[in-house]
Amino acid sequence: MARMSEQRAGLAVPVVWSEDCLRHEPGGEVWLGVRDEGTEVPARALVLRDALAAAGAPIVPARPHGDEILRAVHDGGLLDHLAGVWAAWEKEGFPAQYGRDRVVPYVFPTPGMLGGLPPRTPPAVHGRAGLYCYDTMTLIGPGSWAAIRGAADAALTAAGLVGGGAPLAYALCRPPGHHVTRDAYGGSCYLNNAAVAAQALRAGGAGRVAVLDIDAHHGNGTQMIFYARADVFYGSVHVDPGAGWFPHYAGYAGERGRDAGTGANRNLPLAPGTGDEGWLAAVSALCADAAAHRPDAIVMSLGLDAAESDPESPLRVSADGYRRAAREIAALGPTVVIQEGGYDLAALGSLAVAALTGAAEAPGPTFHGSAP
Ligand SMILES: [Zn+2]
């Protein structure tokens, strides 16, 4: 009985969930020329949902939303490509006749290839598969678009809750999103759920938003979407890309924004092996920078892959570290938490519970905009 009453008084954070998030089965990833099993699997979402529900968090269904906010942060061509590329792939017979059971690009129109030629959209689907994609690890299958759109709807629903006065809401987004730029996807991400949430908060009346990204990897997509904007601060603590880690080409300390966004971007790359002490000091520095931006609302990109046991990163953060970091971030203001990475299925649930427990311990003041 004691246990039951504890459960009722448990974690008071709405967990926004879309059943569609389970429909994306990437079927592995092509890394360095070989198709591996991959770690961004549907079971991640189930583990997270079940652990948070067991901790007493209410599960809130994601509401369907229109494309307006998505098209404010992404090129319409990227959205149309993601929505239609699987059907075109299937129509060309790639799965049935050639055993190509997922969309994987093989040619990428880099600036060096085009040399200033006008951009083209090749009519052949295998030619245009790389038009909006920048790696070989981010595969598309039959259920992918439904999951991608479900994750974005979860982000929009959580932003709506916070825009409507809730101090804290969590979107269980799968697939994750922080590697997606305005018009290019990769890194197991397809649409940028955190950017969508930040844009929705802006549309809902927040004058300034701060995105704090504690995934183990740099959120290059979120950074570039807001790089020239003063209204959305982006800050990230992550393993140093210069030490050999994805996304390799972005995430360095010298990247501080441009034009109107100069000074509204902050990267704190950390050495492989960094644990709680160094990581939490960086999170505190990031929070001080974000506070100086005077945000009306916060988006926390919660990647759980900085944990010591995670197979995808060399950082060594503990569950208690996540709890303390999330508490400090959520104290900055009303907070939308967006699920990013995190791949150790055995630890994922307890890490998420620790992080959201910390966030709930120090909710910021609510903001009173209009829900998007
Ligand atoms: Zn990550």
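Residues numbered from 1 in each chain as written. Predicted model: local features only at pLDDT ≥ 70, side-chain atom pairs only at ≥ 80, totals over all residues. Heavy atoms only, no water.

1. Details of the overall build of the protein
Right, on to step 1. Across its full length, the protein holds 13 helices and 10 strands.
Right, on to step 2. Since a compact globule built from 372 residues should have a radius of gyration of about 21 Å, the 19 Å found for the protein is in line with a globular shape.
Right, on to step 3. Split into buried and exposed, the 372 residues of the protein put 54% on the buried side.
Right, on to step 4. Sequence-distant contacts in the protein: of pairs separated by 6 or more residues, those separated by 24 or more amount to 79%.
Right, on to step 5. Carbon together with sulfur atoms contributes 55% to the accessible area of the protein, which is approximately 14,500 Å² in total.
Right, on to step 6. Side-chain charges of the protein comprise 27 positive and 38 negative groups, with the mean position of each set lying 5 Å from the other. (Helix = DSSP H or I, 4+ residues; strand = E, 2+ residues; numbered from the N terminus. Rg over C-alpha atoms; globule rule 2.2 N^0.38 Å. Buried < 20%, exposed > 50% of the residue type's maximum accessible area, 1.4 Å probe, protein only. Contact = heavy atoms within 4.5 Å. Areas by Shrake-Rupley, 256 points an atom, 1.4 Å probe, with all protein chains shown as cover. Lys, Arg positive; Asp, Glu negative; His and termini not counted. Charge placed at Lys NZ, Arg CZ, Asp CG, Glu CD.)

2. Considerations on the sheet that holds strand 8 (residues 265-270)
Right, on to step 1. With respect to topology, eight strands assemble into an open sheet ordered 4-1-5-10-9-6-7-8, the strand pairing being parallel. With partners counted over all chains shown, the strands left at the sheet margins are strand 4 (59-61) and strand 8, one partner each. Direction aside, neighbouring strands of the sheet carry axes that sit 20 degrees apart on average.
Right, on to step 2. Where strand 5 (residues 168-171) meets strand 10 (residues 335-339), four bridges bridge the pair, whose relative direction is parallel. (Pairing = 2+ DSSP bridges. Axes fitted to C-alpha atoms, helices over the stretch in contact; angles between N-to-C directions.)

3. Considerations on helix 13 (residues 345-361)
Right, on to step 1. Between its first and last C-alpha, helix 13 extends 25 Å over 17 residues, near the 24 Å set by a 1.5 Å rise per residue.
Right, on to step 2. What helix 13 keeps buried is the set Ala 347, Leu 348, Gly 349, Leu 351, Ala 352, Ala 354, Ala 355, Leu 356, Gly 358 and Ala 359.
Right, on to step 3. Taken together, the buried residues of helix 13 touch helix 2 (43-54), strand 5, strand 9 (297-302), helix 12 (319-330) and strand 10. (Expected span 1.5 Å × (residues − 1).)

4. Here's the deal with the side chain of Ser 144
Right, on to step 1. Counting through the fold element by element, Ser 144 comes out in helix 8 (residues 144-163).
Right, on to step 2. For Ser 144, a relative accessible area of 1% puts it in the buried group.

5. A closer look at the nonpolar core
Nonpolar side chains in soluble globular proteins generally cluster together in the buried interior.
Right, on to step 1. Residues Ile 140, Tyr 185, Leu 191, Leu 201, Val 299, Val 336 and Ile 338 are the most contacted members of the largest nonpolar core, which totals 54 residues.
Right, on to step 2. Among the elements that take part in this core, helix 8 stands out by supplying nine residues, more than any other.
Right, on to step 3. Residues in contact with Ile 338, not counting those within four places in the same chain, are Ala 155, Ala 171, Cys 173, Asn 193, Ala 194, Ala 197, Val 299, Met 300, Ser 301 and Leu 302.
Right, on to step 4. In this structure, Leu 52, Trp 279, Ala 326 and Ala 347 belong to the second largest nonpolar core, which totals 49 residues. (Core = buried A, V, L, I, M, F, W, Y, C linked by side-chain atoms within 4.5 Å.)

6. Some words on the coordination of the zinc ion
Right, on to step 1. Coordination of the zinc ion by the protein involves Asp 215 (OD), His 217 (ND1) and Asp 305 (OD), with metal-donor separations of 2.0 to 2.2 Å.
Right, on to step 2. If you list the donors of the zinc ion from N- to C-terminus, the spacing comes out as D-x1-H-x87-D. Of the two residues, Asp 215 sits in the loop between strand 6 (209-213) and helix 10 (220-225) while Asp 305 sits in the loop between strand 9 and helix 12, which places them 90 residues apart along the sequence. Neither residue differs from the other here; Asp 215 and Asp 305 are each classed as buried. (Donors = N, O, S within 2.8 Å, 3.2 Å for Na, K, Ca; no water.)

7. Here we look at the packing of helix 2 against helix 13
Right, on to step 1. With their axes 8 Å apart at the nearest point, helix 2 and helix 13 run at an angle of 45 degrees to one another. On the basis of their axis angle, the class for helix 2 and helix 13 is oblique. At the point where helix 2 passes helix 13, the crossing takes the right-handed sense. Every residue of helix 13 that contacts helix 2 at Ala 43, Arg 44, Val 47, Leu 48, Ala 51 and Leu 52 is listed here: Leu 345, Leu 348, Gly 349, Ala 352, Val 353 and Leu 356.
Right, on to step 2. Looking at the contact of helix 2 with helix 13 residue by residue, the class counts come to 10 nonpolar, one polar and one charged. (Parallel < 35°, antiparallel > 145°, perpendicular 65-115°, else oblique. Left-handed = near helix turned anticlockwise from the far one by under 90°. Nonpolar A, V, L, I, M, F, W, Y, C, P; charged D, E, K, R; others polar.)

8. Quick word on the confidence of the model for the protein
Right, on to step 1. Averaged over all residues, the pLDDT of the protein is 95; the fraction at 70 or higher stands at 95%.
Right, on to step 2. With pLDDT under 50 throughout, residues 1-8 is counted as low confidence; its partners more than four residues away or in other chains account for three contacts. (pLDDT = per-residue confidence, 0-100.)

9. A look at the packing of aromatic side chains
Right, on to step 1. Scanning all chains against the criterion turns up four aromatic pairs.
Right, on to step 2. Within the aromatic cluster, the residues linked to one another by ring pairs are Trp 89, Phe 94 and Tyr 98.
Right, on to step 3. A cation over a ring is seen here: Arg 49 above Trp 17, with NZ or CZ 4.7 Å from the ring centre. (Phe/Tyr/Trp six-rings, centres within 6.5 Å; stacked < 30°, edge-to-face > 60°. Lys NZ or Arg CZ within 6 Å of the ring centre and 35° of its normal.)

10. A few points about the pairing of strand 9
Right, on to step 1. The element strand 9 is largely enclosed, with a buried count of six among its six residues.
Right, on to step 2. Of the pairings in the sheet, the one linking strand 6 to strand 9 comprises five bridges and is parallel in character. In the strand pairing of strand 9, Val 209 is matched with Ala 297.
Right, on to step 3. Judged from the five bridges that link them, strand 9 and strand 10 form a sheet pairing that is parallel. Looking at strand 10, one finds that Ile 298 is bridged to Thr 335.

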